[in-house]
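This is what each chain is made of:
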Amino acid sequence: MRTTRSSLLLGCVLLCSASLLYLGMSGMECPPKSHRYRWMELHMGSANRSMTLSEHFPEDTPLIFIGGFPRSGTTLMRVMLDAHNAVRCGEETRVIPRLLTMRASWSRSVKERIRLDEAGVTDQVLDSAVRAFLLEVIVGHGEPAPRLCNKDPFALKSLSYLAHIFPKAKFVLMLRDGRAAIHSVISRKVTISGFDLTSYRDCLTKWSSAVETMFNQCLAAGDSRCLPVHYEQLVLHPEEQMRKLLHFLELQWDPSVLHHEELIGKAGGVSLSKVERSTDQVMKPVNTDALSKWVGHIPSDVLNDMAEIAPMLSRLGYDPHANPPDYQKTEPMMSLFNFSQTLKATETPHPS
């Protein structure tokens, strides 16, 4: 009797153990491959994947950087490019502009540069580290693709430096009527460090300064490296503007870029962030709804002083006294690259 009971107990223990083992193994799955690993599979095949990312992804890789002042169409541009079958941009990383700002601060401080040089942390060492960090973020935060792209609006405040550490990168600078951009910033409560969102005058003054910084660096880079794109012209003439852009980027024409909304959330298509302010707008097809929403919202004293408050309006071809301008007849920017050589002489390879 005791033997039978012991055998029965042993059988139950074994059966329970086997069941638990089976359930445990069936619930275990291999962790998904990282975007970085999948990128290496796509580009390296069976090559040695234990090498560093910088060895796999040389500094002359033709990255694409999209930037500009916030609310100037940077998100629209990146989702249209994301719809291209050879490009992946993805959401804003947020960390890339911060690192570039930090790198610029090291260069501006003479005392800090002396200390770094004494420690053997030379510009070459820092540039190599920054390049590796940026590559790790750009490659790792989204799906693999033949051409990788980054969209962080204020990253192009360091355009000259990015052009220095990525000599084959290309840059897309989104430009928009500053009155429209600032109205959007204020009405949607987009926080920008140093901007007083209760004052159109303050915000437009600082818009002009920020855009001037990026625009001058774009000109200095030259028309083979940086393409300014007017938001207004993009939404009014999307095919014309995208054909020009893809030619600049040396990419084949893909009609999907005109219908990005059809690829949202699909594999290899367009990924949207739940927290970015522009997400609700770019879920729609390209449209002109936002062109003149700013009209009637800017105080009259600011409108009267607009040419002095925001001199970049005229420089970019916008009439500072028209409310609104006829965007169909916006004057072309005055000689975009005719003085870029002069600017190059004053630029340093480090961000200002």
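Participant: Which parts of the structure should I look at to understand the overall build of the protein?
Facilitator: In terms of helices and strands, the protein carries 17 helices and five strands. Counting over 352 residues, the protein shows a buried share of 46%. A separation of at least 24 residues holds for 76% of the contacts in the protein among residues at least 6 apart in sequence.

Participant: It is not clear to me how helix H12 (residues 238-248) should be interpreted in this structure. Could you clarify?
Facilitator: The α-helix winds at 3.6 residues per turn, so residues separated by three or four positions along the chain end up facing the same way. Here H12 has its buried residues at Gln 241, Met 242, Leu 245, Leu 246 and Phe 248. For H12, the angular spread of the buried residues around the axis is 155°, confining them to a single face. Every exposed residue of H12 that faces more than 90 degrees away from the buried side is listed here: Glu 240 and His 247. Glu 250 sits one or two residues past H12 and shows a positive phi near 60°.

Participant: For this particular structure, what's the right way to read the pattern of salt bridges?
Facilitator: If the charged atoms of two oppositely charged side chains come close together, the side chains can form a pair. Under the criterion given, the structure shown has 12 salt bridges. Residue Asp 177 is joined to Arg 179 by a salt bridge in which the shortest nitrogen-to-oxygen separation is 2.9 Å. A relative accessible area of 0% means that Asp 177 is categorised as buried. Arg 179 sits in the buried class, given a relative accessible area of 0%. A salt bridge links Arg 243 to Glu 239; its shortest N-O distance comes to 2.9 Å. Of this pair, Arg 243 and Glu 239 both sit in helix H12, four residues apart, roughly one helical turn. Overall, the relative accessible area of 39% leaves Arg 243 in the partly exposed class. With relative accessibility at 37%, the residue Glu 239 sits in the partly exposed group. Through salt bridges with shared partners, one network takes in Arg 103, Arg 113, Asp 123 and Asp 127.

Criteria and cut-off values
- Residues numbered from 1 in each chain as written.
- Predicted model: local features only at pLDDT ≥ 70, side-chain atom pairs only at ≥ 80, totals over all residues.
- Heavy atoms only, no water.
- Helix = DSSP H or I, 4+ residues; strand = E, 2+ residues; numbered from the N terminus.
- Buried < 20%, exposed > 50% of the residue type's maximum accessible area, 1.4 Å probe, protein only.
- Contact = heavy atoms within 4.5 Å.
- Arc of directions from axis to C-beta.
- Salt bridge = Lys/Arg side-chain N within 4 Å of Asp/Glu carboxyl O.

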